[in-house]
Amino acid sequence: MLSFQYPIIQAPMAGGIIPPEFVAAVSNAGCLGSIAAGNLSLSKLADQIKMVQSLTEQPFQVNLFANDWPAVQDVSAVNEELNKIRKTLNLPVRHQYDFTPDASLTDYVDLCIELNVPIVSFTFGCPDSSLVDKLHKADITVIGTISTVDEALIMQQAGVDAVVAQGYEAGGHKGGFSDAASIGLMALVPQVVDAVRLPVIAAGGISDSRGIQAALALGASYVQIGTRFLNTVESTAHSLHKKAVTEAIETDALYTQVFTGKTARGIQNQMMTQLAHLDLPPYAYMNIMTKDIRAAAKNQQEIDYMSNWSGQNIRTSETLPLDLVLTELTASFH
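Thresholds applied
Residues numbered from 1 in each chain as written. Predicted model: local features only at pLDDT ≥ 70, side-chain atom pairs only at ≥ 80, totals over all residues. Heavy atoms only, no water. Pairing = 2+ DSSP bridges. Helix = DSSP H or I, 4+ residues; strand = E, 2+ residues; numbered from the N terminus. Axes fitted to C-alpha atoms, helices over the stretch in contact; angles between N-to-C directions. Contact = heavy atoms within 4.5 Å. Core = buried A, V, L, I, M, F, W, Y, C linked by side-chain atoms within 4.5 Å. Buried < 20%, exposed > 50% of the residue type's maximum accessible area, 1.4 Å probe, protein only. Salt bridge = Lys/Arg side-chain N within 4 Å of Asp/Glu carboxyl O.

**Q** Run through the sheet that holds strand β8 (residues 200-203), naming residues and quoting values.
**A** With parallel pairing, eight strands are arranged side by side in an open sheet as β1-β9-β8-β6-β5-β4-β3-β2. Here the strands that pair on one side only, and so sit at the sheet edges, are β1 (8-10) and β2 (33-36). For this sheet the average axis-to-axis angle between neighbouring strands, irrespective of direction, equals 25°. One ladder, built from four bridges, connects strand β6 (residues 162-166) with β8; its direction is parallel. When the sheet's bridge partners are listed, A165 is paired in β8 with A202. Against the sheet, helix α6 (residues 149-158) makes contact with β5 (141-146) and β6, and its axis sits at roughly 160° relative to β5, the strand it touches most. Sheet strands touched by helix α8 (residues 209-217): β1, β8 and β9 (222-225). Its angle to β9, the strand with the most contacts, is close to 140°.

Right under this line is the structure:
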């Protein structure tokens, strides 16, 4: 169904971590490169799609955020703490935010159809079946992200073509859409494989050929890899982020909601500790509220206020050139 040489997918990672040149290089190597549309405007996403298309004739995917927008709560206590951090970073304090979405999910789907994107995946939510049908009518393959068997069944009912089964070990955001407890990948994959009639893509803690072969042995048809690709010379992740991944150990990568309001795994720092006691607004409200802080932290080299996403299989993810990583990941298929 997914036609590329190796059953390896570069995880979509939002936040300016993976440039279009990187996506195309992964696809040109026989794997599947991924554009993360999360937090990109329609025009910026269009530019990235066109750039990838100019660099490769191979398949690639665009990943869309399918989150809902629950009613906003009182954020005054959270904002008070954020303003303390702003003062630390010499930023102006804030008391108001614009929580209006730039565009709808349908707008992003329409853009992918217009630009002939071959594969579209969803995270943070299950797309409406009408959107899936719309993509199918344009001959676009549709992938959903889940973290439980029940979520996989919901995705199957919506008509997706494959599911990413994301285990507890994964770095970055938890891609599922329920409040259920996270499940380790070794337990999750075989149960999802048994429950649905769809190809399963294993994600979480996979960083070398051993993890790839283990996931395939459990019944997965493909694997999706994030942290190993993040910590490469060619990724545009901040140098301090890469350094933190290189130097950290598996117990340093912890769950938090403080940066975006959505559960995500990253290397522990001051901001994760400072805001942990607060009742935080959900994604995307918290993501909007912390945007200026995260940007300033990167510019000022203040790692304690950056979101340094990483999975738990961190000791095998030192900074390496992309071509070497691709060679090692695909070696067991030669």
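**Q** Explain the nonpolar core residue by residue, including any values.
**A** Within the largest apolar cluster, 67 residues are counted, with the highest numbers of intra-cluster contacts made by L45, V62, V192 and F229. For L45, the contacting residues outside a window of four places in its chain are I35, A37, L40, V62, Y108 and L111. Counting 24 residues, the second-largest nonpolar core is a separate cluster that includes V78, L89, M272 and W309.

**Q** Got a sec to walk through the pattern of salt bridges? Specific residues and values, please.
**A** If you walk through the whole model with that rule in mind, you get six salt bridges. For D110, the salt bridge is made with K134, and the minimal N-O distance between the two is 2.6 Å. Highlighted residues: D110 in helix α4 (residues 105-114) and K134 in helix α5 (residues 129-137), separated in sequence by 24 residues. The partly exposed category is assigned to D110, whose relative accessible area is 29%. The class for K134 is partly exposed, based on a relative accessible area of 33%. A salt bridge links R315 to E250; its shortest N-O distance comes to 2.6 Å. Of this pair, R315 sits in the loop between α13 (291-299) and α14 (322-330) while E250 sits in the loop between α10 (239-247) and β10 (253-256), and the two are 65 residues apart along the sequence. The exposure class assigned to R315 is exposed, which follows from its relative accessible area of 54%. For E250, a relative accessible area of 34% gives the class partly exposed.

Just distances and angles here, no functional claims.
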